[in-house]
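Single-letter residue listing:
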Amino acid sequence: MASASLSFFYWTLVCIVYCVSAQDPEIVNDIFPEVKQVGMTARLNCTVARLGNNAVQWSFSGQGLNQILSRNEEIIINNPRKGNVPIYEIIKDSSYDRVTFTLVINRLMPEYSGSYQCSIIIHNKPYDHLNNKTGYVTVLQPPMIRPGSTDAVKMIEKGGNSSITCDAFGVPFPNITWVRSDGKLLPNGKAIFRGRTLPIMSADVRYSGVYRCVADNSIKPPAESLTQVYVFQAPTVRVLQNSVGQFANGRLDAKLDCIVQGYPTPTVYWMVVNEQEHIILKNSDKYETTKQATDTQNLFNGEQWYSLKVRYVQALDFRDYYCVGVNSKGQGNATVTLFSTWDCQGPLCYSLEASGRGGANLLQLFPLRLLLIAVFVVVLN
């Protein structure tokens, strides 16, 4: 009998506890996450059943902050306005025994990303973690490049190993792609490299140039950054033509060209060798040295185009001319030979007057030469 009484008492107590607890307010729905772009509005709904005289509180955790935002419909933190629109608003909607408190976050900024907790504060009862639910706000950000940790210029010794870095951030985290601005292959032999850091192994002059990194996370616009890579090396010199011809009449010019590449930027000059004496050619009535404007179609990265004009070509001018490049890493040179031709060379020939600039007179003699040859052939026959 005593056992039956004890059992009855136990189940009565359980019923009392359950019935009383069943009357407590509770959050009845999950809070769905919001994913929005910068400048848009996020809304988080917290629906409570049997709220009675109790209170609903919203709090925020993120970006190193933990703060209570509101109590019922009142925003209790500093709530600045942007264009007469407050950052936070609470909208209350009641239906039967349920009340929905909607937290509205206007004109979203990246720092508003984080977790937002809706809690029920019950009178005369300690805080219970079961009386809260959490929703999350993610503010999408287009990619941005971090200037301090992204290489703008990289200098590498020839044959050395190094890398260039492009550091970016955004939400979601962006993918980073490397290409060369001139369309040439990367040091790894491929056209594209994906990753924050691009390795450069056994650096060669071919790797000098401008590299472009693109950070993209599908939130427009993507971010871009340029890195200039210099590979230290002695000058290399190549010529457009290793021999140039001209008619020697004392009134025509010849133009010699060379392409020089190296880092640091080489000093370039033209010279001739006269009885084992090296003579540097300087601007004068006879010679004119120029640095041509960069021709991106015909030049590789870091190459420069230099020209030597030999004025009023005569027999003494037919010789070898040396284009020389010098920097702190060494020296390079290439040779152009100026030789004699039987007729005028270059576009100037066809604009010369008939009265005399060597090549024009010679052109006029061609028909007479042909006639004499024909007569000679007839006589022999």
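Note that this is a predicted model, so its numbers are computed, not measured.

Peer 1: Looking at this structure, I do not really get the confidence of the model for the protein chain. What am I missing?
Peer 2: When pLDDT drops low, the exact placement of atoms in the prediction is not to be read closely. Per-residue confidence for the protein chain gives a mean pLDDT of 86; residues scoring 70 or more make up 83%. Here residues 8-21 scores under 50 on pLDDT; set against residues more than four positions off or in separate chains, the count is zero contacts. With pLDDT under 50 throughout, residues 353-370 is counted as low confidence; its partners more than four residues away or in other chains account for 20 contacts.

Peer 1: I keep staring at the pairing of strand β15 (residues 168-171) and nothing clicks. Help me out?
Peer 2: Successive residues of a regular strand alternate their side chains across the two faces of the sheet. Only one face of β15 is buried, namely the one carrying Ala168 and Gly170, since none of Phe169 and Val171 on the opposite face is buried. Pairing analysis gives three bridges linking strand β12 (residues 132-145) to β15, with the strands arranged antiparallel. Note on β15: the bridge partner recorded for Met144 is Phe169.

Peer 1: I'm lost on the nonpolar core in this one. Help?
Peer 2: Soluble, globular proteins show a tendency: their nonpolar side chains are buried together. Ranked by internal contacts, the top residues of the largest apolar core, which has 26 residues, are Trp58, Leu103, Ile105 and Tyr116. Only β3 (42-49), β4 (55-62), β9 (88-95), β10 (98-105), β11 (114-121) and β12 provide two or more residues apiece to this core.

Peer 1: For this particular structure, what's the right way to read the packing of aromatic side chains?
Peer 2: Each aromatic ring pair is characterised by the separation of its centres together with the angle its planes make. Taken as a whole and judged by the stated rule, the model has four aromatic pairs. Here the aromatic rings of Tyr230 and Tyr263 are separated by 4.4 Å at their centres, their planes lie at 20°, and the arrangement is stacked. A residue pair is termed long-range when its members are at least 10 positions apart, and Tyr230 in strand β20 (residues 223-239) and Tyr263 in strand β22 (residues 254-263) qualify at 33 residues. Judged by centre distance (5.1 Å) and plane angle (55°), the ring pair of Phe232 and Tyr263 falls under tilted. Taken together, the positions of Phe232 in strand β20 and Tyr263 in strand β22 put the pair 31 residues apart, joining distant regions of the chain. Classification of Phe232 by relative accessible area gives buried; the value is 18%. Residue Tyr263 is classed as buried on the basis of its relative accessible area, which comes to 17%. Linked through ring pairs, Tyr230, Phe232 and Tyr263 together constitute an aromatic cluster.

Peer 1: Honestly, the state of the cysteines in this entry has me stumped. Any pointers?
Peer 2: Note on terminology: disulfide describes a covalent bond linking the sulfur atoms of two cysteines. Summed over all chains, the structure comprises three disulfides. One disulfide in the model links Cys166 with Cys213; its S-S distance is 2.0 Å. The S-S bond linking Cys166 to Cys213 shows a torsion near 45°; that makes this disulfide right-handed. You can see Cys166 sitting in the loop between β14 (162-165) and β15 and its partner Cys213 sitting in strand β19 (residues 209-216), a full 47 residues away along the chain. One exposure class covers both Cys166 and Cys213, and it is buried. Bridging Cys258 to Cys323, the disulfide has an S-S length of 2.0 Å. Disulfide Cys258-Cys323: the torsion about the S-S bond is 40°, which places it as right-handed. Note that Cys258 is positioned in strand β22 and Cys323 in strand β27 (residues 320-327), a separation of 65 residues in sequence.

Peer 1: I tried to follow the pattern of salt bridges on my own but got confused; where do I start?
Peer 2: Any two side chains of opposite charge can pair, so long as their charged atoms come close to each other. Taken as a whole and assessed by the stated rule, the structure comprises 15 salt bridges. Residues Lys184 and Asp182 are paired through a salt bridge, measuring 3.7 Å at the closest nitrogen-oxygen approach. As a salt-bridge pair, Glu224 and Arg212 come within 3.3 Å of each other at their nearest N and O atoms. Of this pair, Glu224 sits in strand β20 while Arg212 sits in strand β19, and the two are 12 residues apart along the sequence. Sharing partners across several salt bridges, the network here consists of Arg146, Asp167 and Arg196.

Peer 1: Is there a simple way to explain the pairing of strand β16 (residues 175-180) in this structure?
Peer 2: Within β16, five of the six residues are buried, which leaves it mostly tucked inside the rest of the structure. Two elements, β16 and β19, share six bridges in a ladder whose sense is antiparallel. From the neighbouring strand, Arg180 faces β19, where its bridge partner is Tyr211. Pairing of β16 with strand β17 (residues 193-194) involves two bridges; the strand directions are antiparallel. When the sheet's bridge partners are listed, Thr177 is paired in β17 with Arg194.

Peer 1: What is the right way to read the sheet that holds strand β21 (residues 243-246) from this model?
Peer 2: Backbone-to-backbone hydrogen bonds pair the strands of a sheet. The strands run either parallel or antiparallel. Here five strands make up an open sheet; going across it, the order is β21-β28-β27-β23-β24 and the pairing mixed. Only two strands of the sheet have a single partner each, and these edge strands are β21 and β24 (277-281). Across the sheet, the mean angle separating the axes of adjacent strands is 30° when strand polarity is ignored. Both strand β23 (residues 267-274) and β24 contribute to a ladder of five bridges, which runs antiparallel. Paired with Met271 across the strands is Ile280, a residue of β24.

Peer 1: What should I look at first to understand the sheet that holds β9 in this one?
Peer 2: In spatial order, the strands read β1-β3-β10-β9; together these four strands make up an open sheet with antiparallel pairing. A strand with exactly one partner marks an edge of an open sheet, and here the two such strands are β1 (26-27) and β9. Bridge count for β1 against β3 is two bridges, and the pairing is antiparallel. Opposite Glu26, over in β3, you have Ala49 as the bridge partner.

Peer 1: What is the right way to look at unusual backbone geometry in this model?
Peer 2: Peptide bonds are trans in most cases, and residues, glycine excluded, mostly fall at negative phi. Residue Pro172 follows Val171 across a cis peptide bond; omega there is -5°. Of note, Pro172 is situated in the loop between β15 and β16. Geometrically, the link from Tyr263 to Pro264 is a cis peptide bond, its omega value of 0° lying close to zero. Following the sequence through the fold, Pro264 ends up in the loop between β22 and β23.

Analysis parameters
- Residues numbered from 1 in each chain as written.
- Predicted model: local features only at pLDDT ≥ 70, side-chain atom pairs only at ≥ 80, totals over all residues.
- Heavy atoms only, no water.
- pLDDT = per-residue confidence, 0-100.
- Contact = heavy atoms within 4.5 Å.
- Buried < 20%, exposed > 50% of the residue type's maximum accessible area, 1.4 Å probe, protein only.
- Helix = DSSP H or I, 4+ residues; strand = E, 2+ residues; numbered from the N terminus.
- Pairing = 2+ DSSP bridges.
- Core = buried A, V, L, I, M, F, W, Y, C linked by side-chain atoms within 4.5 Å.
- Phe/Tyr/Trp six-rings, centres within 6.5 Å; stacked < 30°, edge-to-face > 60°.
- Disulfide = S-S within 2.5 Å.
- Salt bridge = Lys/Arg side-chain N within 4 Å of Asp/Glu carboxyl O.
- Axes fitted to C-alpha atoms, helices over the stretch in contact; angles between N-to-C directions.

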